[in-house]
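Reading the structure
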Amino acid sequence: MADTETVETVTEAVNGTAKVPATPEGMMVAYGSLVIMALIPIFLGSFRSVDSQREQKENHEKTGERPETMTQKDAMMFPIIASCALFGLYIFFQIFSKEYINLLLSFYFLVLGIFALSHMMSPVILKLVPAAVPVIPFHLKFTQGEGESKEAVLDYQFTTHDLVCLGLCSVVGIWYILKKHWLANDLLGMAFAVNGVELLHLNNVVTGCILLGGLFFYDIFWVFGTDVMVTVAKSFEAPIKLVFPQDLLENGLNATNFAMLGLGDIVIPGIFIALLLRYDLSLKRNSNFYFYATFIAYLAGLLLTIFIMHVYKHAQPALLYLVPACLGVPLFLALCRGDIKTMFQYEDHPDLDKEQKKDK
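Described in the following lines is the structure provided in the data block. (Residues numbered from 1 in each chain as written. Predicted model: local features only at pLDDT ≥ 70, side-chain atom pairs only at ≥ 80, totals over all residues. Heavy atoms only, no water.)

1. Observations regarding the pattern of salt bridges
- Summed over all chains, the structure comprises 6 salt bridges.
- Here Glu237 makes a salt bridge to Lys180, at a shortest N to O gap of 3.6 Å. Placement of Glu237 in the loop between helix H7 (228-235) and strand E4 (241-245) and of Lys180 in the loop between helix H4 (160-179) and helix H5 (182-199) is noted, with a sequence separation of 57 residues between them.
- The salt bridge partner of Arg278 is Asp348, with a shortest N-O separation of 2.7 Å. Here Arg278, found in helix H9 (residues 264-283), pairs with Asp348, found in the loop between helix H12 (340-345) and helix H13 (352-359); they are 70 residues apart in sequence, far enough to count as distant.
- The buried category is assigned to Arg278, whose relative accessible area is 3%.
- Accessibility expressed as a relative area gives 0% for Asp348, which makes it buried.
- Linked by salt bridges that have partners in common, Arg285, Arg337 and Asp339 make up one network. (Salt bridge = Lys/Arg side-chain N within 4 Å of Asp/Glu carboxyl O. Helix = DSSP H or I, 4+ residues; strand = E, 2+ residues; numbered from the N terminus. Buried < 20%, exposed > 50% of the residue type's maximum accessible area, 1.4 Å probe, protein only.)

Below, the structure written as structure tokens:
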């Protein structure tokens, strides 16, 4: 993915203006804030993924609809597809004006970002909507075909309170598209990250190992082997990365010297950490041991990435440090505690593979 670029000091501001060199204090504030902004989506998204998995199971039992989860084949193909998308963007930026490309992509991510932010904030906003606003239900449904072949393309139910939430979140989206302000970028970026960790499910640990292992080599190649990753990350003006100004103390909210962290370095380890939380709950030990252990390991890996980057003064592939931390720590602890067998046997949806084999 183009968004797996690690934390680095960008040489151009979001608006292209010149910057004053960062002070040690400013750098500490920036990187500390980025670390916190990376941890929040993983923590919130992991616990929300538990409810999402439960809803998928209930829906599967009622309707027979297959749960949306990543298979081992998907995990194997992901680094290849991500590489093609990344290199495609790089070629586009070399051939066409990046202003026009970013304008098109900005509107695309604007729409996605508004819905992502609305989904993330709805539990909070819906409680704050005044009782005077009537709750009027709506049902939006699009179907294709006729008779027995008729199937739903879109089936969505919402209320006037949901529309209020969507309207408030649209303000952030419009703020971003008009000003490209870093705060608006971070709000939309965190919404993408929370939704990614919540909704992108790995069915089992094997699938997670394949995915993280593949992206481990993907990240190393595109950062160390070429200038593709860094070029796309700097050229791509969309909320697919979190940014924080290193000159905030000097220039306040109008700061321009940004450090950044790609959403891929949050979501990819995050969906594996979320899987471990669901595994912890399946053990019914009243302890989320593997979740918290891997969460701390992710934090350590992220801090190590920042440290190495400053020692060598070069962009670092964060997954080079995050993948060994997020895979090595839980597997080693499971081996020591005698849980390695049950960890690899755990599946969110045990019947999914059987159903897929029957269809073949």
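Once the structure has been displayed, the description carries forward.
2. Here we look at the pairing of E4
- Among the 5 residues that make up E4, 5 are buried, leaving the element largely enclosed by the rest of the structure.
- Side chains Lys241, Val243 and Pro245 of E4 all project onto a buried face; the interleaved residues Leu242 and Phe244 project onto the opposite face, where all are buried too.
- Pairing of E4 with strand E5 (residues 258-262), which is carried by 5 bridges, proceeds in the antiparallel orientation. The residue bridging Leu242 from the neighbouring strand is Leu261, located in E5. (Pairing = 2+ DSSP bridges.)

3. Notes on the layout of surface pockets
- Reported here for the largest pocket is a volume of approximately 1,400 Å³.
- Lining the largest pocket are 47 residues; nearest its centre among them are Leu112, Ala116, Phe192, Asn195 and Leu199.
- Going through the elements one at a time, helix H1 (24-63), helix H2 (72-95), helix H3 (98-128), strand E3 (151-159), H4, H5 and H9 are the ones with two or more residues in the lining of the largest pocket.
- Per-element accounting of the lining of the largest pocket gives the leading share, 12 residues, to H3. (1 Å grid on protein atoms, 1.4 Å probe; cavity = no way out; pocket = protein on both sides within 12 Å on 5 of 7 lines; lining within 4 Å. Points joined across faces, edges and corners; volume = space filled by probe spheres on them.)

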